[in-house]
Amino acid sequence: MLVDWVPLAYPYYNAFFLAVILWAMMKPDAAEPVWLAIVINIFGLITDIIILATSFAPQNRRTFYEQGLLATFRFSGTMCCFNLILRVLTSLLLARTIKERGGDYGVGGPFSANAGPTYDRVEEPTLPVAQPKAYQSS
């Protein structure tokens with residue numbers, strides 16, 4: 001049951017995040033579902049902050065107090081704060097999962113595996129060049 005102060009987008013992006021996490025679990029070798037999950041998770045983190053800042057207001061507290069639902073209001077706000085904290089931990093775990101699955105796409109910072117070049121140098125031969133044999137007449 002949702003409380004009236006939570007916007008309707010809140011359960012939808014959380015359900016979409018869970019669906020993408022299930023997709024990532026079904027494809028253990030692919031890094032793309034994990035990337036999508038981390039993007040949705042960061043979007044959810046920002047959206048949770050906006051929802052808590054704008055919707056969890058004192059005027060809503062008075063309305064819920066008058067209706068006798070103040071405990072429900074406080075509980076839902078507390079769970080939203082826990083969800084916000086867990087989103088940070090989930091993002092770190094997803095970043096580690098991306099690294100384990102080999103999904104490093106050149107993003108800098110803590111996600112990059114190494115800073116060196118990842119291409120082969122064409123001008124440096126990898127095998128010794130075979131010398132042509134001289135023609136000998138007998």
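The rules behind these values
Residues numbered from 1 in each chain as written. Predicted model: local features only at pLDDT ≥ 70, side-chain atom pairs only at ≥ 80, totals over all residues. Heavy atoms only, no water. Helix = DSSP H or I, 4+ residues; strand = E, 2+ residues; numbered from the N terminus. Buried < 20%, exposed > 50% of the residue type's maximum accessible area, 1.4 Å probe, protein only. Areas by Shrake-Rupley, 256 points an atom, 1.4 Å probe, with all protein chains shown as cover. Phe/Tyr/Trp six-rings, centres within 6.5 Å; stacked < 30°, edge-to-face > 60°. Lys NZ or Arg CZ within 6 Å of the ring centre and 35° of its normal. Axes fitted to C-alpha atoms, helices over the stretch in contact; angles between N-to-C directions. Parallel < 35°, antiparallel > 145°, perpendicular 65-115°, else oblique. Left-handed = near helix turned anticlockwise from the far one by under 90°. Nonpolar A, V, L, I, M, F, W, Y, C, P; charged D, E, K, R; others polar. Expected span 1.5 Å × (residues − 1).

Side note on the overall build of the protein
Part 1: Check the secondary structure of the protein and you find four helices and zero strands.
Part 2: By the burial criterion, 27% of the 138 residues in the protein qualify as buried.
Part 3: Carbon and sulfur atoms provide 66% of the accessible area of the protein, an area that totals close to 10,400 Å².

Some words on the packing of aromatic side chains
Aromatic ring pairs are described here by two measures, namely the spacing of the ring centres and the angle between the planes.
Part 1: Enumeration over the complete set of coordinates arrives at two aromatic pairs.
Part 2: A ring pair is formed by Tyr 10 and Tyr 13, whose centres lie 5.8 Å apart and whose planes are at 80°; its orientation type is edge-to-face. Here Tyr 10 and its partner Tyr 13 are both found in helix 1 (residues 9-26), three residues apart, which amounts to about one turn of the helix.
Part 3: A relative accessible area of 13% means that Tyr 10 is categorised as buried.
Part 4: Here the aromatic residues Tyr 10, Tyr 13 and Phe 43 are joined through ring pairs into a cluster of three or more.
Part 5: The positively charged end of Arg 87 is found above the aromatic ring belonging to Phe 17, 5.6 Å away from the centroid.

Regarding the packing of helix 2 (residues 32-55) against helix 4 (residues 70-100)
Part 1: For the pair helix 2 and helix 4, interaxial distance at closest approach is 9 Å and the crossing angle is 155°. Of the possible angle classes, the one that applies to helix 2 and helix 4 is roughly antiparallel. In terms of crossing hand, the pair formed by helix 2 and helix 4 is left-handed.
Part 2: Tallied by class, residues from the contact of helix 2 with helix 4 come to 15 nonpolar, seven polar and two charged.

Concerning the environment of Ala 95
Part 1: Locating Ala 95 in the fold gives a position in helix 4.
Part 2: Sequence separation between Ala 95 and Ala 37 is 58 residues, and the spatial gap between their C-alpha atoms is 10.0 Å.

Observations regarding helix 4
Part 1: Compared with the 45 Å implied by 1.5 Å per residue over 31 residues, the 45 Å span of helix 4 between its first and last C-alpha is a close match.
Part 2: Looking only at helix 4, the buried set comprises Leu 70, Phe 73, Ser 76, Gly 77, Cys 80, Leu 84, Arg 87, Ser 91, Leu 94, Ala 95 and Ile 98.
Part 3: Positive backbone phi, approximately 75°, marks Gly 102, located one or two places after helix 4.

Bear in mind that shape data such as this cannot, by itself, settle questions of function.
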